[in-house]
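Observations on the three-dimensional arrangement
What follows is each chain in one-letter form.
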Amino acid sequence: MPQLPAPAYPAEVRARLEADAKEVIARYPGSRSALLPLLHLVQSEEGYVSRTGMAFCAELLGLTTAEVTAVATFYTMYRRKPSGDYQVGVCTNTLCAVMGGDAIFDRLKEHLGVGNDETTEDGKVTLEHIECNAACDFAPVVMVNWEFFDNQTPESATRLVDDLIAGRTVEPTRGAPLCSYKETSRILAGFPDERPGAVEASGGAGPASLIGLRLARGEEPYPRVVAPRGESGHADAPQDPDHPSGPTGEEGE
């Protein structure tokens, strides 16, 4: 059935978004090139890309809503329905699946009582399987709002979502401190992360990702990045047993 026109943003919301949007558009020689960051911008307002958000982007960029919809539905980082404060993505692609990603995903579905792309009743966590987190060196990998939690197990992933729901502080294995999905979307729109120390904490690649580079330079690599069962990790690559992504065993080793 045909849908009614999307409702407009409230005047104060539109004024704020329009000011931000004009700042984004000014970065590009052609305005339509600003579509991707503008979709992140409207997502930071509602937690997903609504019909109102797509109409807003189309109006400011001189596009049709069909053109905007085609882009918003192509990229999986744009949510199409209301979702949780924390987007928990479990990699179920080949290597992560072999290393335990499927077991993690099945455990979280059962533990949270949701299926793929569904949100818990309290609105805290949206669970989804992801084809690749681009972090095979640390498989199996879980991402929360696009921050890495490496070398996971069903047990550590369960603790992770429990901590998120309880409001406890959760630290990613690598990258900036965790923030809400709306805050993440605003950062992806191209606005600075103004939290003290967040940019400095982002860091670089982890040790497993750098072994090839170290070999190319003739440097001595770590003997092993992940220790064998029953042994502690390398002294230069410690892991915290109490951290949700700490030392792993079974599927995550």
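Residues numbered from 1 in each chain as written. Predicted model: local features only at pLDDT ≥ 70, side-chain atom pairs only at ≥ 80, totals over all residues. Heavy atoms only, no water.

An unreviewed UniProt entry annotates the chain as NADH-quinone oxidoreductase subunit E of Streptomyces atratus. A UniProt comment under Catalytic activity (unreviewed entry) is attached to the chain, and it reads "a quinone + NADH + 5 H(+)(in) = a quinol + NAD(+) + 4 H(+)(out)". In the Sequence similarities (unreviewed entry) part of its UniProt record, the chain is described as follows: "Belongs to the complex I 24 kDa subunit family." (UniProt positions renumbered as here; feature names shortened; annotations may be inferred.)

1. As for the pairing of strand β3 (residues 125-130)
Burial analysis of β3 places five of its six residues in the buried class, which makes it a mostly covered element. Inspection of the sheet shows strand β1 (residues 86-91) paired to β3 by six bridges, in the parallel sense. Bridging from a neighbouring strand, G89 pairs with E128 of β3. Count of turn residues in the strand β2 (residues 118-119)/β3 antiparallel hairpin: five residues, of which G123 carries a positive phi of about 75°. (Buried < 20%, exposed > 50% of the residue type's maximum accessible area, 1.4 Å probe, protein only. Helix = DSSP H or I, 4+ residues; strand = E, 2+ residues; numbered from the N terminus. Pairing = 2+ DSSP bridges.)

2. Brief notes about the sheet that holds β3
Across a sheet, strands are paired by hydrogen bonds formed along the backbone, either parallel or antiparallel in direction. Taken together, five strands build an open sheet; the order of strands is β2-β3-β1-β4-β5 and the sheet is mixed. Of all the strands in the sheet, just β2 and β5 (147-149) have a single pairing partner and so form its edges. Pairing geometry for β1 and strand β4 (residues 142-144), over three bridges, is antiparallel. Along β4, the bridge assignment pairs V88 with V144.

3. Considering the environment of P37
In this structure, P37 sits in helix α2 (residues 35-46). Put simply, P37 and R186 are 149 residues apart on the chain and 8.7 Å apart in space, counted from C-alpha to C-alpha. If we ignore the near neighbours within four places in the chain, the residues touching P37 are V24, Y28 and A189. (Contact = heavy atoms within 4.5 Å.)

4. Observations concerning the packing of α2 against helix α3 (residues 51-61)
Packing of α2 against α3 leaves a shortest axis separation of 9 Å and a crossing angle of 145°. Here α2 runs over α3; the crossing is right-handed. Contact residues: α2 offers L35, L38, L39, V42 and E46, while α3 offers G53, F56, C57 and L61. Considering only residue class, the contact of α2 with α3 consists of seven nonpolar, one polar and one charged. (Axes fitted to C-alpha atoms, helices over the stretch in contact; angles between N-to-C directions. Left-handed = near helix turned anticlockwise from the far one by under 90°. Nonpolar A, V, L, I, M, F, W, Y, C, P; charged D, E, K, R; others polar.)

5. As for the side chain of S83
Looking at where S83 falls in the secondary structure, it is placed in the loop between α4 (65-72) and β1. Judged by relative accessible area, S83 falls into the buried class, the value being 19%. Here the side chain of S83 touches G47 through a polar contact of 3.4 Å, landing on its backbone oxygen. Beyond its immediate chain neighbours, meaning those up to four positions away, S83 contacts G47, T119, T126 and Y181. (Polar contact = N/O pair within 3.5 Å; in protein donor to acceptor, adjacent residues only side chain to side chain.)

6. Some words on the UniProt feature "binding site: [2Fe-2S] cluster" (unreviewed entry) in the chain
Listed under "binding site: [2Fe-2S] cluster" (unreviewed entry) in the UniProt record, and renumbered for this structure, are C91, C96, C132 and C136. Spanning 46 residues, the named residues nonetheless gather at one spot, since no C-alpha pair among them exceeds 9.4 Å. When you line up the elements, C91 lands in strand β1. Exposure remark for C91: the relative accessible area of 3% places this residue in the buried category. Those residues in contact with C91, other than ones at most four positions away along the chain, are C96, G101, I130, E131, C132, N133 and V141. Mapped onto the elements, C132 comes out in the loop between β3 and β4.

7. So, the pattern of salt bridges
Should the charged atoms of two oppositely charged side chains come close, the side chains can pair. Applying the stated criterion across every chain, the model contains 16 salt bridges. With a closest N to O distance of 3.2 Å, R14 and E18 form a salt bridge. Taken together, the residues span about one helical turn, with R14 and E18 both in helix α1 (residues 11-25) at a distance of four residues. Taking the relative accessible area as the measure of exposure, R14 reaches 24% and is therefore partly exposed. For E18, a relative accessible area of 22% translates into the label partly exposed. (Salt bridge = Lys/Arg side-chain N within 4 Å of Asp/Glu carboxyl O.)

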